[in-house]
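Residues per chain, in single letters:
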Amino acid sequence: MNTQSGKISSGYGIRTKVWPDRVTARFGDQVVASSTRAQVMYETRLSPVLYFPPEDILLPLSHPTPLQTFCPFKGTASYRDIALPDRTLANAAWTYGEALPESRAIEGYYGFMPSSGIEIDTGNTPLVAPDDGHVSGPLVDWLLRQAWACKTPEALTEALAQKLVENGVAVSRLNILIWSLHPLIAGKNYIWTKAGDEVETFAPSYEIYDHPSFVNSPLLHVSRGLGGVRQKLGESYPETAFPVIEDLRAAGATDYVAMPLPFSDGQTNVMTITSDHPDGFTTANLGLIFECSAIISRYYEVFNQRSNAQALLETYVGTRAGARVLGGDIRRGDGDEIDAAIMFCDMRDSTRLEAELGREAFLELLNRFFETVATQVEAQGGEILKFIGDAVLAIFPAQGDPLTARRQAMQAGCEIVQGLNAIQGQQGGLTCRSVMGIAYGNVMYGNIGSKARLDFTVIGSAANIAARLGDYGKTYDHQIVVTRDFADERAGIVPLGPLELHNVAEPVEGFAIPC
């Protein structure tokens, strides 16, 4: 039997020719298209594709759908739905209405998506893929064309390890260490093992820099820019005897390599590979991995940049606000009107405390104050929007349940008071007190500022009233002052009557909450 081989050059190539037999496209028993003038296209690294002239399409096609894709050799493809008697196959056919010169032969012709369930009968001639479908080998081909689809660094690590094994590299363990920009986490460590065939993720704190297992490890050696590490079973390395390698050897490892994964900003991360093959890694194996390391590094850099951006946004503007900004709400005026309980919590007597304690001790106390407030706010479902000097602005979004939001805010307030009392006991009687104003209402939650310098915050009368209630509490020694909305939510609440608040047009009925 004859075969159609689409042999093309060893570089990237594209070629079309008329298929010699009748070609039929079917969905089940339904004939979608049938032609004796179909064109076959051979393209490097891709499966051959058969294209049908439009007059040989036997079922109705829709108008172009919104979907479009671009190929630098074929042009922009538009897609059509195919109408069957009992269903519609969405985006099942594509065509290049204005094909580029290399692909002019298929201009206006239609191909069918394999995922649509349409099967192609090529007649007496089987469709055979080119025998030189890789420019630089399967691993490079995968990195260039498919690795980008991995959605997480864990998925990339697992796919990379499996692809190495598929390509004859005897990897039993793959370890990727990526340093991060995070207030608590030094980096992420992704470890794949052949035995488990899954990826474990570790997020070591900054204490890793002092931990003996890291101080005397290839990871630190490579991270410092001292080059890679290669150690094979049966050979002696007295100047670089790393305990972790001995542990791996005891578990059956025969070869170990650690190499740098440099980022574009100069940061040096680490990739280690371990083999359990009796002969370890071949020179060809390691040469392939080394040649690919720069591309591999770029994929992890993309993941790391997004992770760093998320960590920085959550650190400086909070989890909810950070997600909004990362999601694209970055223009002045972007935001929503929401109902929420707003808390303004201020440290009492901060000027006196700084004078008595000195700057360093006062900053330590201030950080403990902030930590206490933030812990209780977040424990009750709220979020810190910002630290303002020695004060905290927090928000408890109602999300359709105003009663819960108000209760959460008041509970957080009382927990803050109790937590600060505990600090007082730990500091030898040193007073650390707060005053809080809490109000409920509709606010704008989003961006304000100049064109180039924005702040994600809340704007509205509830935020202003919360701050003014805090000022009132300072004057009359009430630790928590709330508006009328909260009066029925807690037993023992003390009415304060109508309060005249600075920059608030109408008196506000206030209440003090004993904790």
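Draft legend 1. Region of the structure containing the pattern of salt bridges. Applying the stated rule across the entire model yields 23 salt bridges. One salt bridge in this structure joins R331 and D334, with 3.9 Å as the shortest N-O distance. A salt bridge links D471 to R468; its shortest N-O distance comes to 3.4 Å. Within this pair, D471 and its partner R468 are both found in helix 11 (residues 461-476), separated by three residues, close to a single helical turn. The class of R468 is partly exposed, set by a relative accessible area of 21%. Counted as one network, the salt bridges with shared partners bring together R37, E55 and D56.

Draft legend 2. Summary view of the state of the cysteines. If you walk through the whole model with that rule in mind, you get one disulfide. A sulfur-sulfur separation of 2.2 Å characterises the disulfide bridge that pairs C414 with C515. Residues C414 and C515 share a disulfide whose torsion about the S-S bond is about -60°; that sign makes it left-handed. Remark: C515 occurs in the segment after strand 26 (508-512) and C414 occurs in helix 10 (residues 402-426); sequence separation between them is 101 residues. We classify C414 as buried; its relative accessible area is 1%.

Draft legend 3. Structural view of helix 6 (residues 283-317). End to end, helix 6 covers 50 Å across 35 residues, agreeing with the expected 51 Å (1.5 Å per residue, within 8%). Considering bend angle alone, the principal kink of helix 6 is centred on S293 and spans about 45°. One side-chain oxygen at the N-terminal end of helix 6 lies 2.9 Å from the backbone nitrogen of N285; it belongs to T282. One or two positions beyond helix 6, positive phi appears at G318, with a value near 100°.

Draft legend 4. View of the sheet that holds strand 9 (residues 88-96). What the four strands build is an open sheet, ordered 7-8-9-10; its pairing is antiparallel. Each edge of the open sheet is held by one strand with a lone partner, namely strand 7 (68-71) and strand 10 (110-112). Between one strand and the next, the sheet's axes are offset by a mean angle of 35°, whatever the strand orientation. Two strands pair when backbone bridges link them, and strand 9 and strand 10 are joined in this way by three bridges, in the antiparallel orientation. Bridge pairing in strand 10 places A93 opposite F112.

Draft legend 5. Region of the structure containing the sheet that holds strand 6 (residues 49-51). Overall, antiparallel pairing links the three strands, which are arranged 2-5-6 in an open sheet. Either end of the sheet is taken by a strand with one partner, and the two such strands are strand 2 (14-18) and strand 6. With direction set aside, neighbouring strand axes in the sheet form an average angle of 25°. Bridging between strand 2 and strand 5 (residues 39-43) involves five bridges; their strand directions are antiparallel. Across the sheet, K17 pairs through a bridge with V40, a residue of strand 5.

Draft legend 6. A look at unusual backbone geometry. In this structure, N91 takes a positive phi of about 50° despite not being glycine. Following the sequence through the fold, N91 ends up in strand 9. On the basis of relative accessible area, N91 is assigned to the partly exposed category, the value being 25%. Of note in the backbone geometry, N503 takes a positive phi value of approximately 65° without being a glycine.

Draft legend 7. Expanded view of the packing of helix 1 (residues 138-145) against helix 6. Two elements in contact, helix 1 and helix 6, have axes whose closest approach is 11 Å; the angle formed by their N-to-C orientations is 10°. Considering the angle they form, helix 1 stands roughly parallel to helix 6. Between helix 1, through L139, V140, L143 and L144, and helix 6, the contact on the second element is made entirely by L288, C292, I295, I296 and Y299. The residue makeup of the contact of helix 1 with helix 6, split by class, is nine nonpolar, no polar and no charged.

Draft legend 8. Highlighting the pairing of strand 16 (residues 229-232). Burial of strand 16 is one-sided: the residues V229 and Q231 facing one way are buried, the residues R230 and K232 facing the other way are not. Across four bridges, strand 16 lies against strand 17 (residues 255-262) in antiparallel orientation. By the bridge assignment, K232 is partnered in strand 17 with D255.

Draft legend 9. Geometry of the pairing of strand 5. Within strand 5, five of the five residues are buried, leaving the element largely enclosed by the surrounding structure. Taking every second residue as pointing to the same face, both faces of strand 5 are buried, with Q39, M41 and E43 on one and V40 and Y42 on the other. Bridge count for strand 5 against strand 6 is three bridges, and the pairing is antiparallel. Looking across to strand 6, one finds that V40 is bridged to L50.

Draft legend 10. View of the side chain of N285. Structurally, the position occupied by N285 is in helix 6. The class of N285 is buried, set by a relative accessible area of 11%. Discounting chain neighbours no more than four positions away, the residues touching N285 are G168, V169 and A170.

Draft legend 11. Main features of the environment of D334. Counting through the fold element by element, D334 comes out in the loop between helix 7 (319-326) and strand 19 (335-347). The class of D334 is buried, set by a relative accessible area of 16%. Here the alpha-carbon distance between D334 and Y445, two residues 111 residues apart in the chain, equals 8.6 Å. If we ignore the near neighbours within four places in the chain, the residues touching D334 are G328, D329, G446 and N447. Within the local environment of D334, its side chain forms a polar contact with the backbone nitrogen of I330, the two atoms lying 3.4 Å apart.

Cut-off values and rules
Residues numbered from 1 in each chain as written. Predicted model: local features only at pLDDT ≥ 70, side-chain atom pairs only at ≥ 80, totals over all residues. Heavy atoms only, no water. Salt bridge = Lys/Arg side-chain N within 4 Å of Asp/Glu carboxyl O. Helix = DSSP H or I, 4+ residues; strand = E, 2+ residues; numbered from the N terminus. Buried < 20%, exposed > 50% of the residue type's maximum accessible area, 1.4 Å probe, protein only. Disulfide = S-S within 2.5 Å. Expected span 1.5 Å × (residues − 1). Bend = angle between axes of the 7 residues up to and from the residue. Polar contact = N/O pair within 3.5 Å; in protein donor to acceptor, adjacent residues only side chain to side chain. Pairing = 2+ DSSP bridges. Axes fitted to C-alpha atoms, helices over the stretch in contact; angles between N-to-C directions. Parallel < 35°, antiparallel > 145°, perpendicular 65-115°, else oblique. Contact = heavy atoms within 4.5 Å. Nonpolar A, V, L, I, M, F, W, Y, C, P; charged D, E, K, R; others polar.

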